[in-house]
Amino acid sequence: MPVIPLHYILFLSTALFFIGMYGLFTRRNMITMLMSVELILNSVNINFVAFNKYLYPENLEGLFFSLFIIAIAAAEAAVAIAIIINLYRNIRSVDVEAADDMKF
Amino acid sequence: MIGSEVVFYILSAFILVTGGLAVTTRKIFRSAIWLLFCLTGIAGLYFWLGMLFIAAVQIVVYVGGIVVLIIFSIFLTQQSGKDLPPPVRSRTILSALAVCIGFVLTCILLRNHTFGASLHPPLADHISVEAIGTQLLDTSEHGYALPFEVISILLLAALIACIVLAKRSKSEEK
């Protein structure tokens, strides 16, 4: 794929990372914050796959990193949703501002 | 060759627009659907790069698993038709500023960096699943058997943790 330089794919993943960052900063709902985290993880995956394809096409290391990141992201999302649902049961809200019981 | 370029631009515009909508739309259910489109677009990007296996994993795990999980949790925790409260204006401006500065800074750094080209001949255009599986369970120098086992233990721990967390304790039940 030499038609598109590697930089363009990295620009794309950078833009996606900062879109996720923006969501993480502005949203106060835990589920939407989790979605932003997923966007950030995906931008990292794009980087790994692109580096694998362009810089080290003789190896598969980037692909394995992406696979492991996807597996960890799935586990993380499941645990996060279990925590969110448990929190919702206790305080009837999924707003991060509402969960201030342990705030000093 | 031009066609491949056009496909890349369409895919990246699709990913960025749907990703941006996912973090800015005010209805939480629409946000989840935009996230679904964004993840599908990323799977398309992997297809474009020729990484068929990772694209399939992306669709199965993210689109089929995580987004469905998120939609279920939306149904369990709130009214999906209701608008989210608007974000505080000062926080929106400040975070947009921080994000723009970060993006520009990273892009400048990227532009000034040149990557060394690979010296080795590439693998076949489409990596076979057989090669991935062999290396994933290989115990020799470049094998990934140990991380594979660690991930399986992590997944088991996460599974048990989810059950324990989401289970209603006896004293809570009324």
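What you see is a predicted model; the values in this text were computed from it and never measured. Each chain has its residues counted from 1, running along the sequence as written. Written order determines the labels here, with chains lettered from A and ligands numbered from 1. Restriction of local features to residues with pLDDT of at least 70 applies here, the model being predicted, together with a cutoff of 80 or more for giving and counting side-chain atom pairs; totals for whole chains, interfaces and linings are based on all residues.

### Overview of the overall build of chain A
For clarity, the threshold we go by: Put simply, DSSP H or I for four residues or longer makes a helix, DSSP E for two residues or longer makes a strand, and each gets a number counted from the N terminus. Our radius of gyration looks at C-alpha atoms and nothing else; its globule reference is 2.2 Å times the residue count to the power 0.38. Exposure is read from a count of other C-beta atoms within 10 Å of each residue's own; the residue is exposed at 12 or fewer, buried at 20 or more and partly exposed in between. C-beta atoms are placed from the backbone. Placing a C-beta atom from the backbone of each residue, one calls two residues in contact when those atoms lie within 7 Å.
A tally of regular secondary structure across chain A gives three helices and zero strands. Along chain A, from the amino end to the carboxyl end, the secondary structure elements read α-α-α. For 104 residues, the compact-globule formula gives about 13 Å, and the C-alpha radius of gyration of chain A, at 17 Å, lies well above that figure. Its C-alpha atoms give chain A principal-axis dimensions of roughly 55 × 25 × 20 Å. Burial status across chain A gives 51% buried among its 104 residues. Of the contacts made within chain A by residues no fewer than 6 positions apart, 48% connect residues no fewer than 24 positions apart.

### Points about the interface of chain A and chain B
The interface is formed by 58 residues belonging to chain A together with 70 residues belonging to chain B. When contributions to the side of chain A that touches chain B are tallied by element, the ones reaching two or more residues are helix 1 (6-26), helix 2 (30-54) and helix 3 (61-91) of chain A. In terms of residue count, the dominant contributor to the side of chain A that touches chain B is helix 3 of chain A (20 residues).

### Here's the deal with the packing of helix 2 of chain A against helix 2 (residues 28-49) of chain B
Applied cut-off: All axes here are fitted lines through C-alpha atoms, helices being fitted over the stretch that makes contact, and every angle between N-to-C directions spans 0 to 180 degrees. We call two directions roughly parallel when the angle between them is under 35 degrees, roughly antiparallel when it is over 145, roughly perpendicular when it lies between 65 and 115, and oblique otherwise. Asp, Glu, Lys and Arg are counted as charged, while Ala, Val, Leu, Ile, Met, Phe, Trp, Tyr, Cys and Pro are counted as nonpolar; the rest, among them Gly, fall into the polar class.
The N-to-C vectors of helix 2 of chain A and helix 2 of chain B enclose an angle of 5 degrees; their axes lie 11 Å apart at closest approach. Comparing their axes, helix 2 of chain B and helix 2 of chain A come out roughly parallel. Here helix 2 of chain A contributes Ile31(A), Thr32(A), Met35(A), Glu38(A), Leu39(A), Asn42(A), Ile46(A), Val49(A), Ala50(A) and Lys53(A) to the contact with helix 2 of chain B, which in turn contributes Ile28(B), Ser31(B), Ala32(B), Leu35(B), Cys38(B), Leu39(B), Ile42(B), Leu45(B), Tyr46(B) and Leu49(B). A per-class count over the contact of helix 2 of chain A with helix 2 of chain B returns 15 nonpolar, three polar and two charged.

### Describing the domain arrangement of chain B
Rule in force here: Delimitation of the domains relies on an automatic or database domain assignment.
Partitioning chain B into structural domains gives domain 1 (1-111) and domain 2 (128-174). For domain 1 of chain B versus domain 2 of chain B, the distance between C-alpha centres works out to 26 Å.

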